[in-house]
Amino acid sequence: MRYRLTFFAGLALGYVLGTRAGRERYEQLKKSAQQVAQNPAVRNTAESAAQQGRVFAGKAYHVVSERVGDHVPDSVAERVRSLRARNGHGSAGDDWGTSNT
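Parameters and conventions
Residues numbered from 1 in each chain as written. Predicted model: local features only at pLDDT ≥ 70, side-chain atom pairs only at ≥ 80, totals over all residues. Heavy atoms only, no water. Helix = DSSP H or I, 4+ residues; strand = E, 2+ residues; numbered from the N terminus. Buried < 20%, exposed > 50% of the residue type's maximum accessible area, 1.4 Å probe, protein only. Areas by Shrake-Rupley, 256 points an atom, 1.4 Å probe, with all protein chains shown as cover. Salt bridge = Lys/Arg side-chain N within 4 Å of Asp/Glu carboxyl O. Phe/Tyr/Trp six-rings, centres within 6.5 Å; stacked < 30°, edge-to-face > 60°. Expected span 1.5 Å × (residues − 1). Polar contact = N/O pair within 3.5 Å; in protein donor to acceptor, adjacent residues only side chain to side chain. Patch = residues over 30% accessible without salt bridge, like charges linked within 9 Å, V, L, I, M, F, W, Y side chains within 5 Å.

1. Examining the overall build of the protein chain
Here is step 1: Helix and strand counts for the protein chain come out as three helices and zero strands.
Here is step 2: In the protein chain, the order of α-helices and β-strands from amino to carboxyl end is α-α-α.
Here is step 3: Within the protein chain, buried positions represent 1% of all 101 residues.
Here is step 4: Summing over all exposed atoms, the protein chain offers an accessible surface of approximately 9,200 Å²; the carbon and sulfur share of this is 59%.

2. Concerning the pattern of salt bridges
Here is step 1: Under the definition given, this model contains one salt bridge.
Here is step 2: Here arginine 54 makes a salt bridge to glutamate 47, at a shortest N to O gap of 3.1 Å.
Here is step 3: A residue is classified by how much of its surface remains accessible, and glutamate 47, at 46% relative accessible area, is partly exposed.

3. Description of the packing of aromatic side chains
Here is step 1: This model, assessed by the stated rule, comprises one aromatic pair.
Here is step 2: Ring centres of phenylalanine 7 and phenylalanine 8 lie 5.4 Å apart, and the angle between their planes is 70°; this geometry places the pair in the edge-to-face category. Exposure class is identical for phenylalanine 7 and phenylalanine 8. Each is exposed.

4. Here we look at helix α2 (residues 40–68)
Here is step 1: The end-to-end C-alpha distance of α2 is 41 Å, a good match for the 42 Å that 29 residues give at a rise of 1.5 Å each.
Here is step 2: Among the residues of α2, the N-terminal cap falls to asparagine 39, whose side-chain oxygen and the backbone nitrogen of alanine 41 are separated by 3.0 Å.

5. Remarks on a nonpolar patch on the surface
Here is step 1: Taken together, the side chains of Phe7, Phe8 and Leu11 present a nonpolar region at the surface, about 350 Å² in accessible area.
Here is step 2: With respect to the helices and strands, the residue leucine 11 is situated in helix α1 (residues 2–38).

The following block contains the structure:
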């Protein structure tokens, strides 16, 4: 739900800015956004936030698996084990063609 809300808010903002300011203002905003994105401080902050998110997700995964592990059907548990084993040996993709990056 949060992602939908963010998407529609961005869509509405883009529409309003595009219709009111025109192409010239759009190019100014685009250039400013690129400069901010290329700023080393912003890049470092974004990377550290991503790293913290991965650490938190790992901790949450372990807490959930400890609490739910005995209540999961054997077929599901075996599928998770096989995916872990496959991903642990260098294949980072899943059945849907995405990766864990």
